[in-house]
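Coordinate inspection notes
Spelled out, the chains give:
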Amino acid sequence: MSNDKPMNPLEMIAYVLSRQIEDNEVIYIGTGLPMVAAILAKKTHAPHITFVYESGGQDPEQLEMPWSVGGPMTWRKSPIIMEMSYSFGQAAAGMVDKGFLGFAQIDMYGNANTHMIGSEFTNPKVRLTGSGGNNDVSSLVDKLIYVGLQDQNKFAKKVDFITSPGWLEGGESRKNAGLLNNGPVAVITSAGVYDFEPETHRMRIKTLHPGVSPELAQLASGFELVRPAGAIPVTETPSKEILQILRNEVDPSGLFISLPS
Amino acid sequence: MNFDYNQEALKNLKIEDTSLLDRLVDYRSAREAHLKKDHSQRDKRMSLHEAVAEYVQDGDIWCDSSFSYVRSAIQGWWEIIRQGKKNLQAIGSPNTNQTYGVMYGTVSHTHASYTGAEMRGIDKMFSRNLKEGKVKIISDWSHGLMAQGFKAAQLGMPGCFSKQGLGSDIINHNPYLKVMQNPMSKDSDPCVFVPAIFPDVVIIHVNAADMYGNARFYGPAVNDIATAAASRKVIITCEEIVSNYDIRYHAKGAQIPFNNIDAVVELPFGAAPGYMPNEYYWMRYFWEKFFSWANESEERCKEFFDEFIMGTKNVNELIEKVGGLDWVTKSRRRAKAAEGNNETDGVSFVYKIWENGMDVKDID
């Protein structure tokens, strides 16, 4: 891959997501952009993080991007490989700091859907993958971060199915449902970075990527985004050096960070 | 036993006859089935054909094993399809491999958790078949909730309380799950009751087993240790049969004990076209072609699997189709390198999205 190409949106997302990770954290990840971001974080500002995968591998020696969550790159020379129930159990027990999930739809309270599109469960327009570990990660890890591309359908007024509970109906509803953990803290998209307003728990613009106005971000959303008071900061972009690491060392074959041609 | 299912879920799933749900949670009948087995340490070796003919019946709850494309007993599953077994309920976390069983009518009902193509996205073939009514979801799970159900079965408990699933729509699409107050807490503390779950039959592929069924494997166990204990009938397929001494004196011992096991089948490459830890790499372009053709149409899928499942008698014929001994040697080398047991120089892990004109032979 040529290294002089301008940064593409997937690279921006991977970088911004990597900045959500702090050093020494234990993080639950699946394949795709979360993994790219985690490896980038490990190679830059957070060298002491530990990766946990639902298939049971954790802290593998880095080699290539895993093709499957069960694949050898998720447990290459792992010091321990756990059974699935134990792997999630450590998140329930408070030993995992953060988790990262994608979404097909997400609503203003950070409830996410990877089950189905349509109004009838038994006859959906499209059946998606189902939960896999998504519900478990969103129910158990201390802090949850969503990542994905943003448009009016994906940022939905109402999700067709709640696979992963966010702040449910806002306010105290998540706590009242008995969920253990904090709930979603951030959503990283192709347009910007969002957090959740502390009282209502509605999604709020935190920063917007270069060239994205609040109006544009709103246009790419099916629900009303909360705007903070004052000027909205521009999301920090990766330096040339970090872009080089991303392209040459993290995902050299461009499996996840090159846009389909 | 008479069961009291989650009524809202029954309504949402349009299930009227609940009798098809019972066996999965009937722990007494699972215990009875285990008690009736011959518990002696005896020679259980047989052919795959015999094992599937004897231990898999139409209508059984069949459990997918390990993790999608990694150490899953795919050749055992293909034999079930080849023998024309019908109307199975599929379960497993993930239960990715059920999709082509649905196409052949082998699977008619599913306890859904995850069916997709990971980094290649959703499984459009499964979505189509679900819409057409070829398969009916009779319970919907997260991986973790299902894993807890299997683990509860292994631990001999009728069920367990979980903090997963709360607030989600999974709860109202799974007749087996119920939100309940934690009986130890005076404060409001909703939990999800997950019953122990008991498949009828699971086939588990391992690196080595003795003739009694003591089995050991490398890589993630996923849910296999739990499902071996839970299932009424268990078939082990293995890369090699070893002596009981080898199991006893190998540092790892056995992870699955012989008394769980009904049949032991020596079946080298039994996880192909998937990956086998310490043994061989998955057939990358086999899967790429499937994902691509699954997106295209049912006819394409049928053509593909008719060639590879129905058009082969056994795994040897599959291996011939992807390059024979050439595939074997490259695949072994690639797996060793992937796991850090050999150098990576000269070994490629690159993936290519399927394009017409490509070959399922593992080239590079």
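None of the values given here were measured: they were computed from a predicted structure. (Residues numbered from 1 in each chain as written. Chains lettered and ligands numbered in written order. Predicted model: local features only at pLDDT ≥ 70, side-chain atom pairs only at ≥ 80, totals over all residues. Heavy atoms only, no water.)

Side note on the overall build of chain A
How we decide: To qualify as a helix, a DSSP run of H or I must reach at least 4 residues; to qualify as a strand, a run of E must reach at least 2; elements of each kind are numbered from the N terminus. Put simply, the radius of gyration uses C-alpha atoms, and a globule should come to 2.2 Å times the residue count raised to 0.38. Throughout, exposure labels follow a simple rule: accessible area from a 1.4 Å probe, protein chains only, divided by the maximum for the residue type, with under 20% read as buried, over 50% as exposed, and the rest as partly exposed. Calculation of accessible area relied on Shrake-Rupley with a 1.4 Å probe; when residues are assessed, cover is drawn exclusively from the protein chains displayed. Charge counting follows a simple rule: Lys and Arg are positive, Asp and Glu are negative, and His as well as the terminal groups are ignored. Note that the charge is assigned to NZ on lysines, CZ on arginines, CG on aspartates and CD on glutamates.
Helices and strands together make up the secondary structure of chain A, namely seven helices and 13 strands. The C-alpha radius of gyration of chain A comes to 18 Å, within 12% of the 18 Å expected for a compact globule of 261 residues. Its C-alpha atoms put chain A at 45 × 45 × 35 Å along the principal axes. Expressed as a percentage of its 261 residues, the buried residues of chain A come to 60%. Of the roughly 10,100 Å² that chain A leaves accessible, carbon and sulfur atoms contribute 52%. Considering chain A, the positive charge centre built from 21 side chains and the negative charge centre built from 28 side chains are found 3 Å apart.

Notes on the pairing of strand β8 (residues 201-209) of chain B
Residue and element names in this part refer to chain B. Spelled out, the test is: Whether two strands pair comes down to DSSP finding at least two bridges between them.
Counting buried positions along β8 gives nine out of nine residues, so the element sits mostly inside the fold. For β8 and strand β10 (residues 233-241), the ladder comprises eight bridges, and the chain directions are parallel. By the bridge assignment for β10, Val206 is matched with Cys238. Bridge count between β8 and strand β9 (residues 215-216): two bridges; the pairing is antiparallel. The residue bridging Ala208 from the neighbouring strand is Arg216, located in β9. Between β8 and β9, which follow one another and run antiparallel, lie five residues, and Gly213 among them has a positive phi close to 115°.

What about the pattern of salt bridges?
For the record, the criterion: Whenever Lys or Arg places a side-chain nitrogen within 4 Å of a carboxyl oxygen from Asp or Glu, that contact is recorded as a salt bridge.
Under the defined criterion, the tally for this structure stands at 36 salt bridges over all chains. Between Asp326 of chain B and Lys330 of chain B there is a salt bridge, and its shortest N-O distance comes to 3.5 Å. With Asp326 of chain B and Lys330 of chain B both in helix α14 (residues 325-338) and four residues apart, this pair spans about one turn of that helix. For Lys330 of chain B, a relative accessible area of 29% corresponds to the partly exposed category. A single salt-bridge network, built from bridges that share partners, covers Glu22, Glu25 and Lys98 of chain A.

Topic: the nonpolar core
Selection criterion: Take the buried residues of types Ala, Val, Leu, Ile, Met, Phe, Trp, Tyr and Cys, join any two whose side-chain atoms come within 4.5 Å, and each joined set is a nonpolar core. The contact definition used throughout considers only heavy atoms, calling two residues in contact when any of these lie within 4.5 Å.
Ranked by size, the top nonpolar core spans 195 residues in total, and within it Tyr194 of chain A together with Phe305 of chain B carry the most contacts. Ranked by the residues each element gives to this core, the list is headed by helix α2 (residues 33-43) of chain A, at eight residues. Not counting chain neighbours up to four residues away, the residues in contact with Phe305 of chain B comprise Tyr100, Met103, Tyr104, Met125, Phe286, Phe290 and Met310 of chain B.

Describing the interface of chain B and chain A
Selection criterion: Counting of polar contacts relies on pairs of N or O atoms within 3.5 Å, with two restrictions inside protein: one atom must be capable of donating a hydrogen and the other of accepting it, and residues adjacent in sequence are counted only when both atoms are side-chain atoms. Gly counts as polar in this scheme, as do all residues outside two lists: the nonpolar Ala, Val, Leu, Ile, Met, Phe, Trp, Tyr, Cys and Pro, and the charged Asp, Glu, Lys and Arg.
Facing 62 residues of chain B, the contacting portion of chain A comprises 52 residues. Where chain B packs against chain A, one counts three salt bridges. The tally of links between chain B and chain A comes to 28 residue pairs in polar contact (both at pLDDT 80 or more). Looking at the side of chain B that touches chain A, the elements with two or more residues in it are α1 (7-13), α7 (124-131), β4 (136-140), α8 (143-154), α9 (224-230), α11 (284-296) and α14 of chain B. The dominant element in the side of chain B that touches chain A, judged by the number of residues it contributes, is α8 of chain B, at six residues. Split into classes, the residues belonging to the side of chain B that touches chain A amount to 32 nonpolar, 21 polar and nine charged.

What to know about the domain arrangement of chain B
All names here are of chain B. What counts here: An automatic or database domain assignment supplies the start and end points of every domain. In short, buried area is how much 1.4 Å probe accessible area vanishes from two parts on joining, totalled over both.
In terms of domain boundaries, chain B breaks down into domain 1 (1-281) and domain 2 (284-363). Computed from C-alpha atoms alone, the centre-to-centre distance between domain 1 and domain 2 is 25 Å. Residue-level contacts link 34 residues of domain 1 with 38 residues of domain 2. For the domain 1 face of the interface with domain 2, the top three residues by lost area are Tyr104, Arg120 and Tyr281, together amounting to 25%. The tally of links between domain 1 and domain 2 comes to four salt bridges. Between Lys134 and Glu298 there is a salt bridge, and its shortest N-O distance comes to 3.8 Å.

Structural notes on unusual backbone geometry
All names here are of chain B. The residue after Ser93, namely Pro94, is reached through a cis peptide bond having omega -5°. Mapped onto the secondary structure, Pro94 falls in the loop between β2 (88-91) and α6 (98-103). Ala272 connects to Pro273 through a cis peptide bond whose omega is 5°. With respect to the element layout, Pro273 can be found in the loop between β11 (263-266) and α11.

Side note on helix α3 (residues 84-92) of chain A
Where α3 of chain A is concerned, the buried positions are Met84, Ser85, Ser87, Phe88, Gln90 and Ala91 of chain A. Where α3 of chain A is buried, its residues touch β1 (26-28), β2 (50-52), β3 (57-58) and α4 (134-140) of chain A together with α8 of chain B. Looking one or two residues beyond α3 of chain A, the residue adopting positive phi is Gly94 of chain A, at roughly 90°.

Examining the packing of aromatic side chains
Residue and element names in this part refer to chain B. Stated formally: Here is the rule: rings of Phe, Tyr and Trp (six-membered ring for Trp) pair when centre to centre is within 6.5 Å. Planes less than 30 degrees apart are stacked, more than 60 are edge-to-face, and the remainder are tilted. Any Lys NZ or Arg CZ found within 6 Å of a ring centre and within 35 degrees of that ring's normal is scored as a charge over the ring.
Counting across every chain of the model gives 42 aromatic pairs over all chains. Between the aromatic rings of Tyr275 and Tyr281, the centroid separation amounts to 5.4 Å while the plane-to-plane angle is 75°, which identifies the pairing as edge-to-face. For Tyr275, a relative accessible area of 0% puts it in the buried group. For Tyr281, a relative accessible area of 2% gives the class buried. The ring of Trp293 carries the charged tip of Arg300 above its face, separated from the ring centre by 4.0 Å.

Thoughts on the sheet that holds strand β6 (residues 178-181) of chain B
Residue and element names in this part refer to chain B. Threshold: The convention used is that axes are lines fitted to C-alpha atoms, helices contributing only their stretch in contact, and that angles between N-to-C directions extend from 0 to 180 degrees.
Read from one edge to the other, the open sheet built from three strands follows the order β5-β7-β6, with strand pairing classed as antiparallel. At either margin of the open sheet sits one strand with a lone partner, and together these are β5 (159-162) and β6. Adjacent strand axes in the sheet meet at a mean angle of 40° when their direction is disregarded. Both β6 and strand β7 (residues 190-195) contribute to a ladder of four bridges, which runs antiparallel. In the strand pairing of β7, Gln181 is matched with Pro190.

As for the side chain of Ser173 of chain A
For Ser173 of chain A, the location among the structural elements is in helix α5 (residues 173-176). Sequence-distant contacts of Ser173 of chain A, defined by excluding residues within four places in its chain, comprise Trp167 and Leu168 of chain A.

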